[in-house]
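Next come the chains, spelled out residue by residue.
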Amino acid sequence: MAHIYFALVDTPGVFAYLIRRFLRQKYIHVVLSMDACLEEAYSFGRRNPQIPLSAGFEREDKRKILRAFPTADYMVCELTCSSEQKAAVRKQLESDYRRRWHYHYAVIGLPFIVCGRPFYQKNHYTCSSYIARVLADSGICMFDKHFSLVTPKDFYLYPDKKVLFEGSLAELVMRTGDNSSAQDFALAAKSVKTYKFS
């Protein structure tokens, strides 16, 4: 028996706010990881955490994300799988990462998600549609809809997950061994002014 992990993410920003309003939940981004500490984690998202318009397939760096978003919150979840399934996922992630510049964020697909109509443009994914496809291809996690329609909310509601951690990214980094930088970011987060949209 083996395990694979995904993290649901809440980060600030106008684009994140719009997605949050559509999903009607806190977490608007999902990351796939080979370990519970998110040291080997991948997602479709910003290539640079501070530049929202440049998005594609990237390996996530939680410390870099923490520097950009000191108030970010994470929920880390575990899925049970076989060793063979985990190896297949790792092979897919590593292969796609080598070709990451061929992959792009599925901006055109977003209206289709709103309308509930499946749509796939080659090599274009949202964060959740990519992970849904990889996990389904490996037989780990199945949804009763086309992968292009899967959102972070579906992962949040997935019944077979086990929640390992829920809290601030600063706390997660602290727990996983980078205490000095995490404490600095936690102090910075307290001084960040937050805005509520209505």
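Refer to the preceding data block for the structure.
Definitions and cut-offs
Residues numbered from 1 in each chain as written. Predicted model: local features only at pLDDT ≥ 70, side-chain atom pairs only at ≥ 80, totals over all residues. Heavy atoms only, no water. Salt bridge = Lys/Arg side-chain N within 4 Å of Asp/Glu carboxyl O. Helix = DSSP H or I, 4+ residues; strand = E, 2+ residues; numbered from the N terminus. Contact = heavy atoms within 4.5 Å. Polar contact = N/O pair within 3.5 Å; in protein donor to acceptor, adjacent residues only side chain to side chain. Expected span 1.5 Å × (residues − 1). Buried < 20%, exposed > 50% of the residue type's maximum accessible area, 1.4 Å probe, protein only. Arc of directions from axis to C-beta.

Caption draft 1: Quick peek at the pattern of salt bridges. Taken as a whole and judged by the stated rule, the model has 7 salt bridges. Two residues, Glu171 and Arg175, come together in a salt bridge whose shortest N-O distance is 3.2 Å. Of this pair, Glu171 and Arg175 both sit in helix 7 (residues 169-175), 4 residues apart, which is roughly one turn of the helix. Where salt bridges share partners, they join Glu39, Lys62 and Arg63 into one cluster.

Caption draft 2: Examining the environment of Asp35 more closely. Tracing the backbone through its elements, the reader meets Asp35 in the loop between strand 2 (29-33) and strand 3 (41-48). Taking the C-alpha atoms as reference points, Asp35 and His3, 32 residues apart in sequence, are found 8.0 Å from one another. Residues within four places of Asp35 in sequence aside, it is in contact with Tyr5 and Glu40. Here the side chain of Asp35 touches Glu39 through a polar contact of 2.9 Å, landing on its backbone nitrogen.

Caption draft 3: Expanded view of helix 3 (residues 83-98). A rise of 1.5 Å per residue sets the reference length of helix 3, with its 16 residues, at 22 Å; its end C-alpha atoms lie 23 Å apart and thus fit the reference within 8%. Buried within helix 3 we find Lys86, Val89, Leu93 and Asp96. One side of helix 3 holds all its buried residues, which, seen down the axis, span an arc of 100°. Residues Glu84, Lys91 and Arg98 are exposed on helix 3 and point more than 90 degrees away from its buried face.

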